[in-house]
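Remarks on the overall topology
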Amino acid sequence: PMSRDIAEIETLVKTYFDALYDGDVERMATVFHPTSALTQSIDGKPVITITSPQPGDRRIDRIVLGLFDYYSGLDMGSLRVEASIPIDGVAAGENLLEELAFKQTSQGVWRLMLSNPIEQSQTVALTVSAKDQQGNSSRIERIITIGESK
């Protein structure tokens, strides 16, 4: 029932704030999904997250990114998304953002649905980089082995 859902949400919110106040990392982790990443910008650089794909995925049918800059804003011309293998006809190492139809689904979230999902057993490195309007840069890399069990 709805009242049970609300009670569960209230418990999670209370746990979150108590853990934040106490600086209790282990208790904080109980509030989030195991594959989530809590990020912050303490150095003035853009924040980049790769929500999908995740390590252990058996196939890649989408790429979902979170990109945000708290201070000067993102330099949209600097955004790069590269893969170590060809994706939907774009050669390895080329900027997928320039060649494929990433769609902004909400503030700071971009998604690409692959025309040809990657299902063969292989290892894929996905690298995302961005600069803000002041020239500060961030870069992350995720390595995914397709077909590896979770």
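In what follows, the structure referred to is the one given above.
Along each chain, the written sequence defines residue order, and numbers are assigned to residues from 1. Residue-level local features of this predicted model are given only where pLDDT is at least 70; pairs of side-chain atoms are given and counted only at 80 or more, and the full residue set underlies all totals for whole chains, interfaces and linings. Remark: hydrogens and water are excluded; side-chain values derive from all non-hydrogen atoms of the structure.

1. Examining the pairing of strand β1 (residues 47-52)
- Extensive coverage of β1 is indicated by the burial of five of its six residues.
- Strand pairing is assigned whenever DSSP detects at least two bridges linking the two strands. A run of DSSP states H or I qualifies as a helix once it reaches four residues; a run of E qualifies as a strand once it reaches two. Both are numbered from the N-terminal end. Note that β1 and strand β2 (residues 60-68) share five bridges and pair antiparallel. The residue bridging Thr-49 from the neighbouring strand is Gly-66, located in β2. Note on exposure labels: buried denotes an accessible area under 20% of the residue type's maximum, exposed denotes more than 50%, and partly exposed covers the range between, all computed with a 1.4 Å probe on protein chains only.

2. Describing the side chain of Ser-78
- Inspection of the secondary structure puts Ser-78 in strand β3 (residues 74-83).
- Residue Ser-78 is classed as buried on the basis of its relative accessible area, which comes to 15%.
- A polar atom in the side chain of Ser-78 sits 2.7 Å from the backbone oxygen of Asp-75.
- Beyond its immediate stretch of four places on either side in the chain, Ser-78 contacts Ser-129, Ala-130 and Lys-131. Here a polar contact is recorded for every N or O atom pair within 3.5 Å, except that within protein the pair must consist of a potential hydrogen donor and a potential acceptor, and residues adjacent in sequence are included only if both atoms are side-chain atoms. Any pair of residues with heavy atoms lying within 4.5 Å of one another is described as a contacting pair.

3. Some details on a nonpolar patch on the surface
- Two distance rules govern patches: like charges are joined within 9 Å, and nonpolar side chains (Val, Leu, Ile, Met, Phe, Trp, Tyr) within 5 Å, applied only to residues with over 30% relative accessible area and no salt bridge. Each accessible area is a Shrake-Rupley result for a 1.4 Å probe, and residues are judged covered by the shown protein chains and nothing else. By definition, a salt bridge exists where a carboxyl oxygen of Asp or Glu is found within 4 Å of a side-chain nitrogen of Lys or Arg. A contiguous nonpolar patch, built from Ile-9, Val-13, Phe-17 and Leu-20 and spanning about 390 Å² of accessible area, is present on the exposed surface.
- Positionally, Val-13 belongs in helix α1 (residues 2-22).
- The class for Val-13 is partly exposed, based on a relative accessible area of 41%.

4. Looking at empty space enclosed by the protein
- Put simply, the grid is 1 Å and covers the protein atoms alone, a cavity is a trapped set of points that fit a 1.4 Å probe, a pocket is an open set with protein on both sides within 12 Å along at least five of seven lines, and lining residues have an atom within 4 Å of a point. Grid points are joined across faces, edges and corners, and a volume is the space filled by probe spheres set on the points. One pass over the full model with this rule turns up one cavity of 30 Å³ or more.
- As a volume, the largest cavity reaches approximately 30 Å³.
- Taken together, Pro-53, Ile-60, Ile-63, Ile-87, Val-124, Leu-126 and Ile-144 make up the full set of residues lining the largest cavity.
- Listed by contribution, the elements that provide at least two residues to the lining of the largest cavity are β2 and β6 (123-132).

5. With respect to the sheet that holds β1
- One open sheet holds the four strands; their spatial order is β1-β2-β5-β4, and the pairing between them is antiparallel. Pairing within the sheet leaves two strands with one partner each, and these edge strands are β1 and β4 (103-106). Across the sheet, the mean angle separating the axes of adjacent strands is 30° when strand polarity is ignored.
- Sheet topology note: the β4/strand β5 (residues 109-118) ladder contains three bridges and is antiparallel. Within the sheet, the bridge partner assigned to Gln-104 lies in β5 and is Trp-110. Only C-alpha atoms enter the line fits that serve as axes; for helices the fit covers just the stretch in contact. Angles between N-to-C directions range over 0 to 180 degrees.

6. Describing the nonpolar core
- Grouping buried Ala, Val, Leu, Ile, Met, Phe, Trp, Tyr and Cys residues that are joined through side-chain atoms within 4.5 Å yields what is termed a nonpolar core. Ile-63, Leu-65, Leu-67, Ile-87, Leu-96 and Phe-102 are the most contacted members of the largest nonpolar core, which has 26 residues in total.
- Contributions of two or more residues to this core are made by β1, β2, β3, β5 and β6.
- When neighbours within four sequence positions are excluded, Leu-67 is seen to be in contact with Val-47, Ile-48, Leu-74, Leu-79, Gly-108, Trp-110 and Val-128.

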